[in-house]
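# Overview (structure and organization)
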There are 2 protein chains.
Amino acid sequence: MLIVKKFGGSSVADKERIFNVAKRCAEDYKKGDDVVVVLSAMGKTTDGLIAQAHDINPNPPKREMDMLLATGEQMSVAYMAMALSSMDIPAVSLNAFQVAMHTSSAYMNARLKRIDTERIRNELDARKIVIVTGFQGVNRHDDFTTLGRGGSDTTAVALAAALHADACEIYTDVEGVYTADPRIVPNARKMSEVTYDEMLEFASLGAKVLHNRSVEMAKRYGVQLVVRSSLSYAEGTVVKEETKMEKMIVSGVASDLNTARISVIGVNDEPGIAFKLFNYLAAKNINIDIILQSVARDGRRDIAFTVPKTELHEALAIIDEHKDTFTARSFQYDENVAKVSIIGAGMTSNPGVAAKMFEALYNADINIQMISTSEIRITVLIDENDVARAMRAIHDKFDLGDD
Amino acid sequence: MLIVKKFGGSSVADKERIFNVAKRCAEDYKKGDDVVVVLSAMGKTTDGLIAQAHDINPNPPKREMDMLLATGEQMSVAYMAMALSSMDIPAVSLNAFQVAMHTSSAYMNARLKRIDTERIRNELDARKIVIVTGFQGVNRHDDFTTLGRGGSDTTAVALAAALHADACEIYTDVEGVYTADPRIVPNARKMSEVTYDEMLEFASLGAKVLHNRSVEMAKRYGVQLVVRSSLSYAEGTVVKEETKMEKMIVSGVASDLNTARISVIGVNDEPGIAFKLFNYLAAKNINIDIILQSVARDGRRDIAFTVPKTELHEALAIIDEHKDTFTARSFQYDENVAKVSIIGAGMTSNPGVAAKMFEALYNADINIQMISTSEIRITVLIDENDVARAMRAIHDKFDLGDD
């Protein structure tokens, strides 16, 4: 069996944790499995390199940033090979040049294009554990690139696809994907399985166990993932295309506090106003989410939408700059809002799911400000002070928790 | 003009020094020169990496050590490119894979075999300053190697040879090569020129401005070197094949305190004793230097020789282990000795140089314990407390100093 195992920066932050990871890898190796390990840079290494770079040049060339950052994972993989060697396990570390990991040219945000597998296969045939630098690649100019956020997860998934691995295990500091954040919903249950699409919705709603890019790649290449803890031997959550027949209609409840509502009040009821508004925001890469447009009254209507809280001030500045275009009577915004969503692949074929969710919120006396739905997700915008109560109410209503 | 400039770890130890180096490089660039910069790892970076590696594995695989250490120079070159970029000077950093620097397979002590120049030439043609990682290479297994001590100097010389550079400047924290250590001989004079062979003798005697391997390579490929300071614009010392006709007979005086004398007293006057003794030491890589064998008296003779002080105890242990073989009456050793040498290519054709040196020592009332000579060097072993006086006396006798 060929296993790709990915460990993040906190899993290799010090000597003790490095040996913990080495031990996990050695266990599979001793069972006779072929083991490929993907590592991120240790702990805060990358942050330290970025800080020093910005001290030298506040606006460093991206090409040189990637040259610099690539050293972080190279250190991790060398140390891991040394740790395994001290346990008498043959191991070899490889960076993006040595693999090679071919990417697009875009520095700091490259996309993996092709992975050569010959070197890795040769090292595996020589019965070595192969330790590969995550996050980095090489572009057609023979320069280091990095993959952007969640890059090491993407490296692991791409390697699993290229090597036709039997398993791709993503190790984190939680035991898997839960029906809700256990800090908010104490009886939240770890899911044994979740579909790629559900995982994508969970990730976009702040359940940061897997980055969307890696899930999208896993879906595209049919790589079955397991999200599990580096600190326990619990089973983890399998992320795959189809889940079991007896699957719950709703998989879980997720929340996102990084949201703010902007309302543009009393714009003329004429074509193109909304288009112009969202066009200005899109030009500045502001992410618009839920949009609500009221029915026109007296030739005027209101447009409300949400943006990430972190982009609120930029969005307001853009709107202010173009306010004459919008013919609006006033602008309002509210930072004290949050999104709560139910996610589940079973939803599409089950009517009444939304009604059940709204009923739970009504019973809990929670006001719904806006609603947005997708095939496998229903999201409501509520007061952020109601988030915990809302999640518990919904979680109970759909009977998602442990007994 | 194509210039290769090499800066050591202390020259790039912090932001201020990085910008000092960037400024020096930018000056040549702005004059229209093509500039290739070779850098070592910053300050104590390499020591830190080695310490962390040994904490994880006291006996780390050499292949993984090189993988780890290679990150040090990669950080330096990336930071330098960022510094130059902030000064609006186009620059690009390259590691050993990107150049590529082909070496032998021996990890931690590889030899440079071939340097591809295409990438560097292309970047120079695009009017960029090219910043290359010193000390590291890539072997035929596509693995990082490192060149061992003085490796970055060797990288610079090899690059200068491969690129047919017009100049190869080695920057240090002194202004060049002196007729003697200025801390010992206050009126020591910076030499404007020195031959490769003289430089080799100076280096082997502790004047650590250039490592022997780099001088040997410069000699082999006829690369003219300039040793100069990164902190001043003084002319420096040119290292080349032939120096001017009016060359001094003696170039300079050097000392080496890392030496100890071992005496094996009263061995049988029979063939093979000395051979066996030095064979045992050679088998353990103990460097023997000056050897003195007394005339036999009563069928017995004494053998004395020097070893580096750092290898004294190992040498004594080896001798003790085999003492029966040597038929010796006793062993003695003396750590309080030092070597003082005069070096000069003009010596070979000038008789009486040795006599003049000995006269200087006699006048200073300094006892000579042992003598060794080569084509361009005369070395005496003396009491280490006499070193400073001996150097001044010899320096004066040959009139080497400033007025």
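Each chain carries its own residue numbering, running from 1 in the direction its sequence is written. All chains are assigned letters beginning at A, and all ligands numbers beginning at 1, according to the order in which they are written. Whole-chain, interface and lining totals are the exception, using all residues; otherwise, since this is a predicted model, local features are given only for residues with pLDDT of at least 70 and side-chain atom pairs are given and counted only at 80 or more. Hydrogen atoms and water are omitted, and side-chain values are computed over all heavy atoms in the structure.

An unreviewed UniProt entry annotates chain A as Aspartokinase of Qiania dongpingensis. UniProt positions are given in the numbering used here, feature names are shortened, and annotations may be inferred rather than shown by experiment. You can read under Function (unreviewed entry) in the UniProt record for chain A the words "Catalyzes the phosphorylation of the beta-carboxyl group of aspartic acid with ATP to yield 4-phospho-L-aspartate, which is involved in the branched biosynthetic pathway leading to the biosynthesis of amino acids threonine, isoleucine and methionine." The record held by UniProt for chain A lists under Sequence similarities (unreviewed entry) the comment "Belongs to the aspartokinase family."

Helix and strand assignments follow DSSP, with helices taken as H or I runs no shorter than four residues and strands as E runs no shorter than two, numbered in order from the N terminus. What chain A contains, in helices and strands, is 13 helices and 20 strands. Two things to know: the radius of gyration comes from C-alpha atoms, and the globule rule equals 2.2 Å times the number of residues to the power 0.38. Rg of the C-alpha trace for chain A: 24 Å, near the compact-globule value of 22 Å for 403 residues, within the 12% margin. Expressed along its principal axes, the backbone C-alpha trace of chain A runs to roughly 80 × 55 × 30 Å. Within chain A, contacts between residues at least 6 apart in sequence are counted, and of these 76% link residues at least 24 apart. Computed with the Shrake-Rupley method and a 1.4 Å probe, the accessible areas treat only the protein chains shown as cover for residues. For chain A, the exposed area adds up to about 17,400 Å²; of that, 47% sits on carbon and sulfur atoms. Residues scored as charged are limited to Lys and Arg (positive) and Asp and Glu (negative), so that His and the chain ends carry no count. Charged side chains are reduced to one point each, which is NZ for Lys, CZ for Arg, CG for Asp and CD for Glu. Computing the positive centroid from 46 side-chain charges and the negative centroid from 56, chain A places the two 1 Å apart. Only heavy atoms enter the contact rule, under which two residues are in contact if any of them lie within 4.5 Å.

Residues and elements named next belong to chain A. Ordered by their spatial adjacency, four strands build an open sheet running 15-16-14-17, and the pairing between neighbours is antiparallel. The sheet terminates laterally at strand 15 (291-293) and strand 17 (330-334), the two strands that pair on one side only. Averaged over neighbouring strand pairs, the angle between their axes works out to 15° when direction is ignored. Pairing of strand 15 with strand 16 (residues 300-307) involves three bridges; the strand directions are antiparallel. The residue of strand 16 that forms the bridge with Gln 293 is Ile 303. Interaxial angle, 0 to 180 degrees, is taken between N-to-C directions of lines fitted to C-alpha atoms, where a helix line uses only the stretch in contact. Lying over the sheet, helix 9 (residues 273-283) contacts strand 14 (260-268), strand 15 and strand 16, oriented at roughly 25° with respect to strand 16. Of the strands in this sheet, strand 14, strand 16 and strand 17 touch helix 10 (residues 312-321), which is tilted by about 15° from strand 14. At least two DSSP bridges between two strands are required for those strands to pair.

Before going further, it helps to examine the state of the cysteines. Residue and element names in this part refer to chain A. The disulfide criterion is simple: two cysteine sulfur atoms within 2.5 Å. Under the definition given, this model contains zero disulfides over all chains. Here Cys 25 stays free of any disulfide, with the sulfur of Cys 168 as its closest cysteine sulfur at 13 Å. Only protein chains enter the calculation, and the probe is 1.4 Å; a residue is then buried if its accessible area is under 20% of its type maximum, exposed if over 50%, and partly exposed in between. Exposure remark for Cys 25: the relative accessible area of 0% places this residue in the buried category.

Below, the discussion takes up the sheet that holds strand 13 (residues 252-256) of chain A. The pairing of strands in a sheet comes from backbone hydrogen bonds and takes either a parallel or an antiparallel form. Residues and elements named next belong to chain A. Taken together, four strands build an open sheet; the order of strands is 13-18-20-19 and the sheet is antiparallel. Bordering the open sheet on either side are strand 13 and strand 19 (370-374), each of which pairs with just one other strand. With strand direction ignored, the average angle separating the axes of adjacent strands in the sheet is 20°. Bridge count for strand 18 (residues 337-343) against strand 20 (residues 377-383) is seven bridges, and the pairing is antiparallel. Counted as the bridge partner of Lys 339 is Leu 381 from strand 20. Contacts from helix 7 (residues 196-204) reach strand 13, strand 18, strand 19 and strand 20 within the one sheet, and its direction differs from that of strand 13 by about 30°.

Our next topic: the pattern of salt bridges. When a carboxyl oxygen of Asp or Glu lies within 4 Å of a side-chain nitrogen of Lys or Arg, that pair is called a salt bridge. The tally for this structure, following the rule as stated, stands at 50 salt bridges over all chains. For Arg 228 of chain A, the salt bridge goes to Glu 169 of chain A, with nearest N and O atoms at 3.6 Å. Placement of Arg 228 of chain A in strand 11 (residues 225-229) and of Glu 169 of chain A in strand 9 (residues 167-172) is noted, with a sequence separation of 59 residues between them. Taken individually, Arg 228 of chain A and Glu 169 of chain A each receive the classification buried, so the pair is uniform in this respect. Salt-bridge contacts for Glu 193 of chain B lead to Lys 240 of chain B; the nearest nitrogen and oxygen are separated by 3.1 Å. With Glu 193 of chain B in strand 10 (residues 193-195) and Lys 240 of chain B in strand 12 (residues 237-240), the pair connects residues that are 47 residues apart, well separated along the chain. For Glu 193 of chain B, a relative accessible area of 15% puts it in the buried group. One connected set of salt bridges, linked through shared partners, spans Arg 63, Glu 64 and Asp 143 of chain A together with Arg 119, Glu 123 and Lys 128 of chain B.

Once that is clear, we can look at the UniProt feature "binding site: substrate" (unreviewed entry) in chain A. All names here are of chain A. Taking the UniProt record as the reference, the feature "binding site: substrate" (unreviewed entry) is found at Thr 46 and Glu 73. In three dimensions, the annotated residues from a span of 28 residues occupy one location, with a maximal C-alpha spread of 8.9 Å. In this view, Glu 73 contacts Leu 39, Ser 40, Ala 41, Thr 46, Thr 133, Gly 134, Phe 135 and Gln 136; residues no more than four positions away in its chain are not counted.

Moving on to the interface of chain A and chain B. The interface of chain A with chain B comprises 41 residues on the first partner and 41 residues on the second. Throughout, buried area stands for the accessible area (probe radius 1.4 Å) lost by two parts on being put together, summed over both. Together, the buried faces of chain A and chain B total about 3,300 Å²; carbon and sulfur atoms form 60% of this surface. Together, Ile 56, Tyr 79 and Met 82 of chain A form the three largest contributors to the area buried by chain A at its contact with chain B, with a combined 22%. Taken together, the links from chain A to chain B amount to four salt bridges. Between Asp 55 of chain B and Lys 15 of chain A there is a salt bridge, with the nearest N and O atoms lying 3.3 Å from each other. Polar contact criterion, stated in full: a pair of N or O atoms within 3.5 Å, where within protein one must be able to donate a hydrogen and the other to accept it, and residues adjacent in sequence count only if both atoms are side-chain atoms. On the surface where chain A and chain B come into contact, there are 20 residue pairs in polar contact (both at pLDDT 80 or more). Listed by contribution, the elements that provide at least two residues to the side of chain A that touches chain B are helix 1 (15-30), helix 2 (45-56), helix 3 (62-86), strand 3 (91-94) and helix 4 (96-99) of chain A. The element contributing the most residues to the side of chain A that touches chain B is helix 3 of chain A, with 17 residues. When residues are sorted by character, Ala, Val, Leu, Ile, Met, Phe, Trp, Tyr, Cys and Pro go into the nonpolar class, Asp, Glu, Lys and Arg into the charged class, and all the rest, Gly among them, into the polar class. In terms of residue class, the side of chain A that touches chain B is made up of 24 nonpolar, 10 polar and seven charged.

Glancing now at the packing of helix 6 (residues 151-162) of chain A against helix 8 (residues 212-221) of chain A. Residues and elements named next belong to chain A. For the pair helix 6 and helix 8, interaxial distance at closest approach is 8 Å and the crossing angle is 10°. Relative to helix 8, the element helix 6 lies roughly parallel. In this structure, helix 6 meets helix 8 at a crossing whose hand is left-handed. Residues Asp 153, Thr 154, Val 157, Ala 158 and Ala 161 of helix 6 touch helix 8, and the partners they reach there are Arg 213, Ser 214, Met 217, Ala 218 and Tyr 221. A breakdown of the residues in the contact of helix 6 with helix 8 according to their chemical character gives six nonpolar, two polar and two charged. Convention used here: angles under 35 degrees read as roughly parallel, angles over 145 as roughly antiparallel, angles from 65 to 115 as roughly perpendicular, and any remaining angle as oblique. In this scheme, a crossing is called left-handed if the near helix is turned counterclockwise away from the far one by less than a right angle; it is called right-handed if the turn is clockwise.

Residue and element names in this part refer to chain B. A helix is expected to reach a length of 1.5 Å times the quantity of its residues less one. The end-to-end C-alpha separation of helix 6 (residues 151-162) is 16 Å, in line with the 16 Å expected for 12 residues at 1.5 Å each. Of all the 12 residues making up helix 6, 11 are buried; the element is thus mostly covered by neighbouring parts of the structure. When helix 6 is considered as a whole, its buried residues turn out to be Gly 151, Ser 152, Asp 153, Thr 154, Thr 155, Ala 156, Val 157, Ala 158, Leu 159, Ala 160 and Ala 161.

Attention shifts here to the packing of aromatic side chains. When two rings of Phe, Tyr or Trp (its six-membered ring) have centres within 6.5 Å they constitute a pair, described as stacked for plane angles under 30 degrees, edge-to-face for angles over 60, and tilted for the intermediate range. Overall, the coordinates contain seven aromatic pairs over all chains when judged by the stated rule. Measuring from ring centre to ring centre gives 5.2 Å for Phe 278 of chain A and Phe 305 of chain A, while their planes differ by 85°; the resulting arrangement is edge-to-face. Pair noted here: Phe 278 of chain A is in helix 9 and Phe 305 of chain A is in strand 16, with a separation of 27 residues, a long-range link. Of the residues examined, Phe 305 of chain A reaches a relative accessible area of 0% and is grouped as buried. Between Phe 7 of chain B and Tyr 171 of chain B, the aromatic rings sit 4.3 Å apart at their centres with planes inclined by 15°, giving stacked as the arrangement. Separated by 164 residues along the polypeptide, Phe 7 of chain B in strand 1 (residues 2-7) and Tyr 171 of chain B in strand 9 (residues 167-172) bring together distant segments of the chain. Classification of Tyr 171 of chain B as buried rests on a relative accessible area of 2%. The structure contains a cluster of three or more aromatic residues connected by ring pairs, namely Phe 97 and Phe 144 of chain A together with Phe 97 and Phe 144 of chain B. Geometrically, a lysine NZ or arginine CZ counts as sitting over a ring once it is within 6 Å of the ring centre and also within 35 degrees of the ring normal. The ring of Tyr 233 of chain A has Arg 24 of chain A lying over it, and the distance from NZ or CZ to the ring centre is 4.0 Å. The ring of Tyr 29 of chain A has Arg 127 of chain A lying over it, and the distance from NZ or CZ to the ring centre is 4.1 Å.

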